[in-house]
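Coordinate analysis (summary)
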Amino acid sequence: MSLRVSEQYLQGFVTAEEYKQVEESAAKALATVIKGDGAGNDFLGWRYLPDVPDKEEYARIKSAAEKIKGMCDALVVIGIGGSYLGARAAIEYCLGTNYNAFAKKNGAPEIYFVGKDLSASTITETLELLKGKEVCLNVISKSGTTTEPAIAFRIFREWMENKYGEKAAERIFVTTDKARGKLKEFSTEKGYETFVVPDDVGGRFSVLSPVGLLPIACAGIDIDEMISGALDARTAYTAKDSLYENDCLKYAAIRNILYAKGRKVEVLASYEPSLNMTAEWWKQLYGESEGKGKKGIFPASVCFTTDLHSLGQFIQDGTPVLFETVIDLKTPAHKVTVPFDASDCDGLNFIANKDLHDVNRTAFMATAMAHTEGDVPNIVLEIDSRSAYDFGYAVFFFELACAVSGYMLGVNPFDQPGVEGYKKNMFALLGKPGAQFDEIRAKLAEKM
């Protein structure tokens, strides 16, 4: 297995008896996911994505990626939430945070993400970066009416049409519903090449569908390798229903044990900035899946050692409501040796000639020791490398553990009933017509 759970820093926090108490619940939750007979079972299609159910579309994704790489200096990906987080997480995981600086060298376009916010600065600065470049768009939205990406698509579509005229249609690729919705209708009218957002896959589970695979492939990442990792993870983590033999099940069980003991916040920690967007994807996955019915573990993230100088104090000595899940990367993407300095002006010659990755892992071990001594449980997830294979493996691990954990918690892991409230209020304030919005405007006026 390329991802493993280490309990080294859980001693004193989770007991053998507590494992026994949740063993049956964990096995039952896994069976519910596998059988597909639980709440939200119409959104279990992510289980089959590693099978590449539509091989024709999979081939079209590869073909479109090669076309985009051949004709464009930059790809603008328009989407929000699950429509962009998984792809960006994969790109930074495999290629690093400075992927755009090396794109040309790697034979790939620069990739920019918009439609994820309503900031005028994001739009303006991205358009400035695109000046003088050949550009393609990939807009990702099941309905086409989600506010943030819809506004971005209006702006960038106008920019593309002003730049390329009728040929703009050849450069716009749309990932949307298979047969219905405003964006699908518009794409058919305009002649855009389209890819399918599966009906049975929620946005936060969609990274291994065309939603994530097209931009990932455009970045030059081997999506065959990524899918292979997810397939192997599914084989490994669905074969056994004992948490003593299934690390995915064990992770879900430990989270629920700690939650029952008052640990309401989970902090995902890594020691590599290239994993920061993976943490952002993870936060949506778990926050949107578990946070309902006044239940759930709040997902947060930190990047060490950087955040040890800002949040380390609170994590170790603050209100005891959190636990850490630490990603321990075993094999670094690069090798750097700390040089010897004859003057030893910084007093660090004791680490001269050491590999920087070893120093980084030493920081991890020292921090884990300090935090556990400060009464903060640490789950450690050992990951082999930053390969596409290992990213795909980790994606399926986290998705399956999320589904199991949600069922153990007693919630539907696949709906998100609370995300519509702000949209209704915003539309009312912006003056969208309709009796419903008139009522909301009246209520809001009383609060102002």
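The preceding data block contains the structure.
Scope of this entry: the structure provided in the associated data block. (Residues numbered from 1 in each chain as written. Predicted model: local features only at pLDDT ≥ 70, side-chain atom pairs only at ≥ 80, totals over all residues. Heavy atoms only, no water.)

Our next topic: the overall build of the protein chain. Check the secondary structure of the protein chain and you find 15 helices and 10 strands. Over its C-alpha trace the protein chain gives a radius of gyration of 23 Å, about what one expects of a compact globule, namely 22 Å for 448 residues. When the backbone C-alpha atoms are referred to their principal axes, the protein chain occupies close to 65 × 60 × 50 Å. Classification of the 448 residues of the protein chain by burial places 54% in the buried group. Looking at the protein chain alone, contacts between residues at least 24 apart form 78% of all its contacts between residues at least 6 apart. If you sum the accessible surface of the protein chain, you get close to 20300 Å²; carbon and sulfur atoms cover 53% of it. (Helix = DSSP H or I, 4+ residues; strand = E, 2+ residues; numbered from the N terminus. Rg over C-alpha atoms; globule rule 2.2 N^0.38 Å. Buried < 20%, exposed > 50% of the residue type's maximum accessible area, 1.4 Å probe, protein only. Contact = heavy atoms within 4.5 Å. Areas by Shrake-Rupley, 256 points an atom, 1.4 Å probe, with all protein chains shown as cover.)

We now examine the nonpolar core. Within the largest apolar cluster, 99 residues are counted, with the highest numbers of intra-cluster contacts made by Trp46, Tyr251 and Phe398. Broken down by element, this core gets its largest block of residues, 16 residues, from helix H13 (residues 388-409). Among the nonpolar cores identified, the runner-up in size contains 22 residues, and Ala74, Val135, Phe156 and Met160 belong to it. (Core = buried A, V, L, I, M, F, W, Y, C linked by side-chain atoms within 4.5 Å.)

A few words on unusual backbone geometry. Of note, the amide linkage connecting phenylalanine 304 to threonine 305 takes the cis form, showing an omega dihedral of 10°. Within the secondary structure layout, threonine 305 lies in the loop between strand E8 (298-303) and helix H11 (312-317). The phi dihedral of valine 52 falls on the positive side, at around 50°, and the residue is not glycine. You can see valine 52 is positioned in the loop between helix H1 (16-35) and helix H2 (55-71). The class of valine 52 is buried, set by a relative accessible area of 13%.

What follows deals with the packing of helix H3 (residues 85-95) against helix H7 (residues 210-218). As a packed pair, H3 and H7 sit with axes 8 Å apart at the nearest point and diverge in direction by 35°. Crossing handedness for the pair H3 and H7: right-handed. Of the residues in H7, those touching H3 at Ala87, Ala90 and Ile91 are Gly212, Pro215 and Ile216. For the contact of H3 with H7, a count of residues per class yields 5 nonpolar, 1 polar and no charged. (Axes fitted to C-alpha atoms, helices over the stretch in contact; angles between N-to-C directions. Left-handed = near helix turned anticlockwise from the far one by under 90°. Nonpolar A, V, L, I, M, F, W, Y, C, P; charged D, E, K, R; others polar.)

Read across the sheet, 5 strands follow the order E3-E2-E4-E5-E6 without closing on themselves; strand pairing throughout is parallel. With one partner strand each, in any of the chains shown, strand E3 (110-114) and strand E6 (193-196) form the two edges of the open sheet. Direction aside, the axes of adjacent strands within the sheet are offset by 20° on average. Pairing analysis gives 5 bridges linking strand E2 (residues 74-78) to strand E4 (residues 135-140), with the strands arranged parallel. Its bridge partner being in E4, valine 76 is matched across the sheet by leucine 137. (Pairing = 2+ DSSP bridges.)

Turning to the packing of H1 against H13, a few remarks are in order. In helix packing, the relevant descriptors are the interaxial angle and the interaxial distance, both defined with respect to the helix axes. In contact at an axis separation of 8 Å, H1 and H13 are set at 120° when each is read in the N-to-C sense. Accordingly, the angle class assigned to the pair H1 and H13 is oblique. Handedness of the crossing formed by H1 with H13: right-handed. Residue-level inspection shows Val22, Ser25, Ala26, Ala29, Leu30, Thr32 and Val33 of H1 in contact with H13, the latter providing Leu400, Ala403, Val404, Tyr407 and Met408. A class-by-class count of the residues in the contact of H1 with H13 yields 10 nonpolar, 2 polar and no charged. (Parallel < 35°, antiparallel > 145°, perpendicular 65-115°, else oblique.)

Further remarks concern a nonpolar patch on the surface. A grouping of Leu118, Ile151 and Ile155 is seen on the molecular surface, where their side chains present a nonpolar patch of about 240 Å² in accessible area. By the element assignment, isoleucine 155 lies in helix H5 (residues 147-164). (Patch = residues over 30% accessible without salt bridge, like charges linked within 9 Å, V, L, I, M, F, W, Y side chains within 5 Å. Salt bridge = Lys/Arg side-chain N within 4 Å of Asp/Glu carboxyl O.)

This brings us to the sheet that holds strand E7 (residues 265-270). Strands sit in the order E1-E10-E9-E7-E8 across an open sheet of 5 strands; the sheet is mixed. A single partner strand is all that each edge strand has here, and the edge strands are strand E1 (3-6) and E8. For this sheet, the mean angle separating the axes of adjacent strands, direction not counted, is 25°. Pairing geometry for E7 and E8, over 6 bridges, is parallel. Paired with serine 270 across the strands is cysteine 303, a residue of E8.

On to empty space enclosed by the protein, then. In the structure shown here, the tally under the stated rule is 3 cavities of 30 Å³ or more. Put simply, the largest cavity is a space of about 80 Å³. Residue assignment for the lining of the largest cavity shows that the elements contributing at least two residues are strand E9 (322-329) and helix H12 (356-373). Ranked by the residues each element gives to the lining of the largest cavity, the list is headed by H12, at 4 residues. Of the residues in the lining of the largest cavity, the class split is 5 nonpolar, 3 polar and 3 charged. Computed from the structure, the second largest cavity encloses a volume of approximately 50 Å³. Lining the second largest cavity, in full, are Ile91, Leu95, Tyr99, Ala103, Asn106, Ala108, Pro109, Ile111 and Ala219. Residue classes in the lining of the second largest cavity are distributed as 8 nonpolar, 1 polar and no charged. (1 Å grid on protein atoms, 1.4 Å probe; cavity = no way out; pocket = protein on both sides within 12 Å on 5 of 7 lines; lining within 4 Å. Points joined across faces, edges and corners; volume = space filled by probe spheres on them.)

What follows is about the state of the cysteines. For the structure on display, the rule yields 1 disulfide. Each sulfur in the disulfide pair cysteine 72 and cysteine 136 lies 2.1 Å from the other. Judged by the torsion about the S-S bond (50°), the cysteine 72/cysteine 136 disulfide is right-handed. Here cysteine 72 is found in the loop between H2 and E2, whereas its partner cysteine 136 is found in strand E4, with 64 residues between them in sequence. With respect to burial, cysteine 72 and cysteine 136 carry one shared label: buried. (Disulfide = S-S within 2.5 Å.)

Another aspect to go through is the packing of aromatic side chains. Taken as a whole and judged by the stated rule, the model has 22 aromatic pairs. On the numbers, 5.3 Å between centres and 25° between planes, the contact of tryptophan 46 with phenylalanine 205 is stacked. Separated by 159 residues along the polypeptide, tryptophan 46 in the loop between H1 and H2 and phenylalanine 205 in the loop between E6 and H7 bring together distant segments of the chain. When sorted by exposure, tryptophan 46 lands in the same class as phenylalanine 205, which is buried. With a centroid separation of 5.9 Å and 50° between ring planes, the pair formed by tyrosine 84 and phenylalanine 113 is classed as tilted. Here tyrosine 84 is found in the loop between E2 and H3, whereas its partner phenylalanine 113 is found in strand E3, with 29 residues between them in sequence. (Phe/Tyr/Trp six-rings, centres within 6.5 Å; stacked < 30°, edge-to-face > 60°.)

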